[in-house]
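# Geometric and topological summary
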Amino acid sequence: MKSFKIKNAILLLLVCTMLMSCASFQQPLPKSLWGSWAFEQTGTIINGSNQRLYDYINVCSSQSDRLRFSSDHKMNLRWYDEACTINEYLIGRYHVEQNTLKIKLEDSHPYQDSPFPLITEYRIIQINATTLKLEEIPNADWRNKDNTKSGYEALVYIFKKLE
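## Regarding the pairing of strand 5 (residues 86-97)
- Sheet topology note: the strand 4 (residues 74-80)/strand 5 ladder contains 7 bridges and is antiparallel. The residue bridging Arg 78 from the neighbouring strand is Glu 88, located in strand 5.
- Taken together, strand 4 and the strand that follows it, strand 5, pair antiparallel across an intervening segment of 5 residues, in which Cys 84 is found at a positive phi of about 60 degrees.
- Of the strand pairs in this sheet, strand 5 and strand 6 (residues 100-105) are connected by 6 bridges, and their pairing is antiparallel. The residue of strand 6 that forms the bridge with Tyr 94 is Ile 103.
- As consecutive antiparallel partners, strand 5 and strand 6 are separated by 2 residues, and within that stretch Gln 98 has a phi angle of approximately 55 degrees, a positive value.

What follows is the structure, encoded as structure tokens:
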């Protein structure tokens, strides 16, 4: 009987440790988004499973392109040109529903030369203290036009948290 209690205690301790490690993997949203995130990789996911990722190439070698999520739900993009001049604009306002990042785009800003597309919904695949991974969710009109090809490809972005 005593060995049964010890085994149960060890099993309980093991389960608690596993649950606590899982909890630290996924951070609470939207607060965990707040701050600046540097582009690390981009690529595609084909039919929801086959990933092709590539290192993101910053035009300016000394500065990284980045997204900034503020606590007042504004989303900004900052990128650098060949002369390392800052280009920045407000993408729009964001909110999070479960694991989906939804963006209400600003109407007044040009989006040309921007490394971030005009998609308004992203699936949050991963978020923790250092990494954010987003997968685009194209709108229905776009999906109906381009999803006729075999093997739908969704864009994926991986970001590194900046201090």
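On we go.
## As for the environment of Leu 33
- Structurally, Leu 33 is set in the loop between helix 1 (2-25) and strand 1 (35-46).
- When sequence neighbours within four positions are dropped, the list of residues in contact with Leu 33 reads Phe 69, Tyr 94, Val 96, Leu 101, Ile 127, Leu 132 and Lys 161.

## Here we look at the nonpolar core
- Counting 22 residues, the largest nonpolar core has Leu 67, Phe 69, Leu 101, Leu 132 and Phe 159 as its most contacted members.
- Setting aside chain neighbours within four positions, we find Leu 101 in contact with Leu 33, Phe 69, Tyr 94, His 95, Val 96, Thr 120, Glu 121, Tyr 122, Ile 124 and Leu 134.

## Let's talk about the pattern of salt bridges
- For the structure shown, the criterion picks out 5 salt bridges.
- Where Glu 88 meets Arg 78, a salt bridge forms, and the shortest distance between an N and an O atom there is 3.1 Å. With Glu 88 in strand 5 and Arg 78 in strand 4, this pair connects stretches of sequence that are 10 residues apart.
- Assessed through its relative accessible area of 45%, Glu 88 is described here as partly exposed.
- Judged by relative accessible area, Arg 78 falls into the partly exposed class, the value being 25%.
- Two residues, Glu 135 and Arg 123, come together in a salt bridge whose shortest N-O distance is 3.2 Å. Of this pair, Glu 135 sits in strand 8 (residues 131-136) while Arg 123 sits in strand 7 (residues 121-127), and the two are 12 residues apart along the sequence.
- The class of Arg 123 is partly exposed, set by a relative accessible area of 33%.
- One continuous salt-bridge network, built from bridges that share partners, spans Glu 97, Lys 102 and Glu 121.

## Describing the packing of aromatic side chains
- Per the counting criterion, the structure on display carries 7 aromatic pairs.
- Each ring, one from Tyr 122 and one from Tyr 157, has its centre 6.5 Å from the other, and the planes form 70 degrees; the classification is edge-to-face. Of this pair, Tyr 122 sits in strand 7 while Tyr 157 sits in strand 9 (residues 153-161), placing them 35 residues apart in sequence.
- Grouped by ring-pair contacts, the aromatic residues Phe 39, Tyr 56, Tyr 122, Tyr 157 and Phe 159 constitute a single cluster.

## As for the confidence of the model for the protein
- Per-residue pLDDT for the protein averages 78, and the proportion of residues at 70 or more is 67%.
- Put simply, helix 1 is where the protein has its lowest mean pLDDT, 45, and strand 3 (residues 66-69) is where it has its highest, 95.
- In this model, residues 142-148 is a region of pLDDT below 50 whose contacts with residues beyond four sequence positions or in other chains number 6 contacts.

## Structural notes on unusual backbone geometry
- Notably, Cys 84 is not glycine yet its phi reads approximately 60 degrees, a positive angle.
- Along the chain, Cys 84 turns up in the loop between strand 4 and strand 5.
- Non-glycine residue Gln 98 carries a positive phi angle of around 55 degrees.
- Structurally, the position occupied by Gln 98 is in the loop between strand 5 and strand 6.
- Relative accessible area serves as the criterion here: at 75%, Gln 98 is assigned to the exposed category.

Reading guide: rules and limits
Residues numbered from 1 in each chain as written. Predicted model: local features only at pLDDT ≥ 70, side-chain atom pairs only at ≥ 80, totals over all residues. Heavy atoms only, no water. Pairing = 2+ DSSP bridges. Helix = DSSP H or I, 4+ residues; strand = E, 2+ residues; numbered from the N terminus. Contact = heavy atoms within 4.5 Å. Core = buried A, V, L, I, M, F, W, Y, C linked by side-chain atoms within 4.5 Å. Buried < 20%, exposed > 50% of the residue type's maximum accessible area, 1.4 Å probe, protein only. Salt bridge = Lys/Arg side-chain N within 4 Å of Asp/Glu carboxyl O. Phe/Tyr/Trp six-rings, centres within 6.5 Å; stacked < 30°, edge-to-face > 60°. pLDDT = per-residue confidence, 0-100.

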